[in-house]
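Observations on the three-dimensional arrangement
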Amino acid sequence: MFVLLAKGNYNLENYLQAINYYKKMKDVYMPIYGEESDKIAKLYMFMGKAASCENLTNDALDYYEKAYEIFEQIIKDNNYEILFNLSIKDLVIVNNEKISPFLIEVFNNLPSKK
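Values in this document were obtained by computation on a predicted structure and should not be read as measured data.

Here we come to the overall build of the chain. Helix and strand content of the chain: six helices and zero strands. From first element to last, N terminus to C terminus, the chain shows the α and β order α-α-α-α-α-α. Counting across all 114 residues of the chain, residues that qualify as buried make up 36%. In the chain, the share of contacts with a sequence separation of at least 24, taken over all contacts with a separation of at least 6, comes to 50%. Element-wise, carbon and sulfur atoms account for 50% of the exposed surface of the chain, whose accessible area totals about 7,200 Å².

Another point: the packing of aromatic side chains. The final tally for this structure, using the stated rule, is five aromatic pairs. Arranged with centres 6.2 Å apart and planes meeting at 25°, the rings of Phe-2 and Tyr-21 form a pair that is stacked. Within this pair, whereas Phe-2 is found in helix 1 (residues 2-11), its partner Tyr-21 is found in helix 2 (residues 15-33), the two being separated by 19 residues in sequence. Since its relative accessible area comes to 28%, Phe-2 is described here as partly exposed. Judged by centre distance (6.5 Å) and plane angle (25°), the ring pair of Tyr-44 and Tyr-63 falls under stacked.

On to the confidence of the model for the chain, then. Looking at the chain as a whole, the pLDDT averages 77, with 67% of positions reaching at least 70. Confidence drops under a pLDDT of 50 for residues 88-99, and excluding neighbours within four residues, the segment shows 19 contacts in the predicted structure.

Position of Ser-37 relative to the elements: it lies in the loop between helix 2 and helix 3 (38-53). Excluding residues that lie within four positions of it along the chain, Ser-37 makes contacts with Ile-70 and Ile-74.

Turning to a nonpolar patch on the surface, a few remarks are in order. On the surface, a cluster of nonpolar side chains totalling about 280 Å² of accessible area is made up of Val-28, Ile-32 and Tyr-33. In this fold, Tyr-33 is placed in helix 2.

Once that is clear, we can look at helix 2. Quick reminder: α-helices carry 3.6 residues per turn. Residues three or four places apart thus point the same way. For helix 2, spanning 19 residues, the distance from its first C-alpha to its last is 25 Å, which sits close to the expected 27 Å at 1.5 Å a residue. Restricting attention to buried positions, one finds in helix 2 the residues Tyr-15, Ala-18, Ile-19, Tyr-21, Tyr-22, Met-25, Lys-26 and Tyr-29. Summarising the contacts, the buried residues of helix 2 are in contact with helix 1, helix 3 and helix 4 (57-76). Downstream of helix 2 by one or two residues, Gly-34 has phi in the positive range, about 85°.

Looking at where Ile-40 falls in the secondary structure, it is placed in helix 3. By relative accessible area, which is 0% here, Ile-40 ends up buried. Taking the C-alpha atoms as reference points, Ile-40 and Asp-27, 13 residues apart in sequence, are found 9.5 Å from one another. Residues contacting Ile-40, with those up to four places away along its chain left out, are Lys-26, Tyr-29, Met-30, Gly-34, Glu-35 and Ile-70.

Analysis parameters
- Residues numbered from 1 in each chain as written.
- Predicted model: local features only at pLDDT ≥ 70, side-chain atom pairs only at ≥ 80, totals over all residues.
- Heavy atoms only, no water.
- Helix = DSSP H or I, 4+ residues; strand = E, 2+ residues; numbered from the N terminus.
- Buried < 20%, exposed > 50% of the residue type's maximum accessible area, 1.4 Å probe, protein only.
- Contact = heavy atoms within 4.5 Å.
- Areas by Shrake-Rupley, 256 points an atom, 1.4 Å probe, with all protein chains shown as cover.
- Phe/Tyr/Trp six-rings, centres within 6.5 Å; stacked < 30°, edge-to-face > 60°.
- pLDDT = per-residue confidence, 0-100.
- Patch = residues over 30% accessible without salt bridge, like charges linked within 9 Å, V, L, I, M, F, W, Y side chains within 5 Å.
- Salt bridge = Lys/Arg side-chain N within 4 Å of Asp/Glu carboxyl O.
- Expected span 1.5 Å × (residues − 1).

Encoded structure:
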């Protein structure tokens, strides 16, 4: 429910309220999935996007960095399938925009499978 409220507020350009709802959803997810889950990383990505739209550059960078660290751990654990499914299903189009530059960077830095 909080995610829908967050996305609605984001679409209405109420970016600070969107961040608050994403944080509430993170509080719900944390006991279920833990800090290093793709669901938490995705919420950090959305918070970063909203913070960026609100010109909160430092906050946006913090959120993106947290998401990157989680994605990095997912990659280290060789869970490429989770990362791939996450990108295709949820991040290819975010609010009618093309794939995020962050995710492109993650994919470009994937270690090669041998």
